[in-house]
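# Coordinate analysis (summary)
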Amino acid sequence: MSATLPASKERSVEDGAPAAVLAPALAEEQAGPSLPRRLLSLAGAVATRTAAVLALLALWEIAPRAGLADRVFLPPFSEVAAAWWELLLDGQLWDDTRASLVRSASGFGLAVALAVPLGLLIGWYKPVADFLGPLLEVFRNTAALALLPVFVLLLGIGETSKISIVLYACTWPVLLNTVSAVRTVDPTLLKLARSVNLPPWRLFQKVILPASVPAVFTGIRLAGAVAILVLVAAEMVGAKAGLGFLINNSQFNFAIPQMYAGILTVSALGVAFNQALVALERRFTSWRTTSA
């Protein structure tokens, strides 16, 4: 005689079966995607970000070999990479890169230290803006490279003139973005802060500064790009080391692969500098929330 389960127990077993089947799937969903899926997603993201660069390098390699470009003036990328490696092994590339980094970082750092406080002051206090406004308008419309001969004449061809020209060029993006950031703070925030009778210095500390950080970092990132570009141009005049000197000297000696190697190094430094500033910006603006 076979025993039969009560109808209620049969239903409980049948109802529990789907839960038992779905439990591993639910646990996997709560634990997040599996490692292979994460690796596949990461590989897809890397491929998407590097596809255009790889296509450009492939075109650079193929065009001179196929006769689409003069190989003398545009050597294949493989020859440029070999020249870059030789410069690195010789130590020349490192010496020139270090010289450029010291100059650009010094001028950039001084510009940020000077322009951010001055921009906050001009943006917050109208009498200061009225007093310095005409002078700033004159200098902001004067290109840094147009003043390079003046810097060389007054400060010589040494390190001082090169750091000074970088300082001058980097000051304006930081200064103008800082002034604009202070003047465009949301009026609603200011009204709310004044409604609780915050003193001016507390209003500046609690409202103006946090609200200005994103725009200030935009100016800092622009200045980071300017620092390297202006310095390379300055190093082509009377320098004995630096990436600008390497590029210019290679052109004069008709060492074309070495010239392109220097240009690629400048581009790589610019990208790395920008990414470092982006990471720093995220650190200082981590309080911001993004809408879903």
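Let me begin by describing the structure that accompanies this report. Fair warning: this is a prediction, and the values are worked out from it, not measured in the lab.

Once that is clear, we can look at the overall build of the protein. For the protein, the count of helices and strands is 11 helices and zero strands. For the protein, the sequential pattern of α-helices and β-strands runs α-α-α-α-α-α-α-α-α-α-α. The buried share of the protein, reckoned over its 292 residues, is 31%. The long-range fraction of contacts in the protein, counting pairs at least 24 apart against all pairs at least 6 apart in sequence, stands at 71%. If you sum the accessible surface of the protein, you get close to 18,200 Å²; carbon and sulfur atoms cover 68% of it.

A word on helix α9 (residues 200–235). Helix length check: α9, at 36 residues, gives a terminal C-alpha distance of 46 Å against a target of 52 Å (1.5 Å per residue), a shortfall beyond 12%. Remark: the principal bend of α9, roughly 45 degrees, maps to valine 213, with a proline, proline 214, within the next four residues.

Take the side chain of aspartate 96 next. Relative to the elements of secondary structure, aspartate 96 occurs in helix α4 (residues 92–124). Although aspartate 96 lies buried, it forms no salt bridge, and the closest oppositely charged side chain, arginine 103, sits 7.3 Å away as judged by the N-O distance. Among all residues touching aspartate 96, those that are not within four sequence positions of it are Ala241, Gly242, Leu243, Phe245 and Leu246.

Attention now moves to the nonpolar core. Among soluble globular proteins, nonpolar side chains are generally buried collectively. Of all hydrophobic cores here, the largest spans 39 residues; its most connected members are Phe108, Ile165, Cys170, Leu175 and Ile220. Listing elements by their share of this core, those giving two or more residues are α4, α5 (126–140), α6 (148–155), α7 (159–183), α8 (187–195) and α9. Once you skip the residues sitting within four places of it in the chain, leucine 175 turns out to touch Ala115, Leu118, Gly119, Ile122 and Leu136. Listed in part, the 15 residues of the second largest apolar core include Trp60, Leu87, Val232 and Leu243.

Tracing the sequence through the fold places alanine 111 in helix α4. Along the backbone, alanine 111 and isoleucine 220 are 109 residues apart, and their C-alpha atoms lie at a distance of 9.3 Å. Apart from residues no more than four positions distant in its own chain, alanine 111 is found in contact with Val116, Leu167, Cys170 and Thr171.

Let us now look at the packing of aromatic side chains. Across all of its chains, the model carries six aromatic pairs by this definition. Seen in terms of ring centroids, tryptophan 60 and tyrosine 260 are 5.8 Å apart; in terms of plane orientation they differ by 65 degrees. Their pairing is edge-to-face. With a gap of 200 residues between them, tryptophan 60 in helix α2 (residues 35–65) and tyrosine 260 in helix α11 (residues 256–284) connect regions that are remote in the sequence. Judged by its relative accessible area of 18%, tyrosine 260 falls in the buried class. When the centroid spacing of 5.8 Å and the interplanar angle of 80 degrees are considered together, the rings of tyrosine 168 and tryptophan 172 count as edge-to-face. With a gap of four residues between them, tyrosine 168 and tryptophan 172 both fall in helix α7, about one helical turn apart. Of the residues examined, tyrosine 168 reaches a relative accessible area of 13% and is grouped as buried.

What follows concerns unusual backbone geometry. In this structure, phenylalanine 254 is a non-glycine residue whose phi angle is positive, near 60 degrees. You can see phenylalanine 254 is positioned in the loop between α10 (243–252) and α11.

Mapped onto the secondary structure, serine 161 falls in helix α7. Here glycine 158 takes part through its backbone oxygen, which lies 3.1 Å from a polar atom of the side chain of serine 161. The residues touching serine 161, leaving out its near neighbours within four places in the chain, are Phe151, Val152, Leu155 and Gly156.

Reading the values: the criteria
Residues numbered from 1 in each chain as written. Predicted model: local features only at pLDDT ≥ 70, side-chain atom pairs only at ≥ 80, totals over all residues. Heavy atoms only, no water. Helix = DSSP H or I, 4+ residues; strand = E, 2+ residues; numbered from the N terminus. Buried < 20%, exposed > 50% of the residue type's maximum accessible area, 1.4 Å probe, protein only. Contact = heavy atoms within 4.5 Å. Areas by Shrake-Rupley, 256 points an atom, 1.4 Å probe, with all protein chains shown as cover. Expected span 1.5 Å × (residues − 1). Bend = angle between axes of the 7 residues up to and from the residue. Lys, Arg positive; Asp, Glu negative; His and termini not counted. Salt bridge = Lys/Arg side-chain N within 4 Å of Asp/Glu carboxyl O. Core = buried A, V, L, I, M, F, W, Y, C linked by side-chain atoms within 4.5 Å. Phe/Tyr/Trp six-rings, centres within 6.5 Å; stacked < 30°, edge-to-face > 60°. Polar contact = N/O pair within 3.5 Å; in protein donor to acceptor, adjacent residues only side chain to side chain.

Nothing here speaks to function; it is all geometry.
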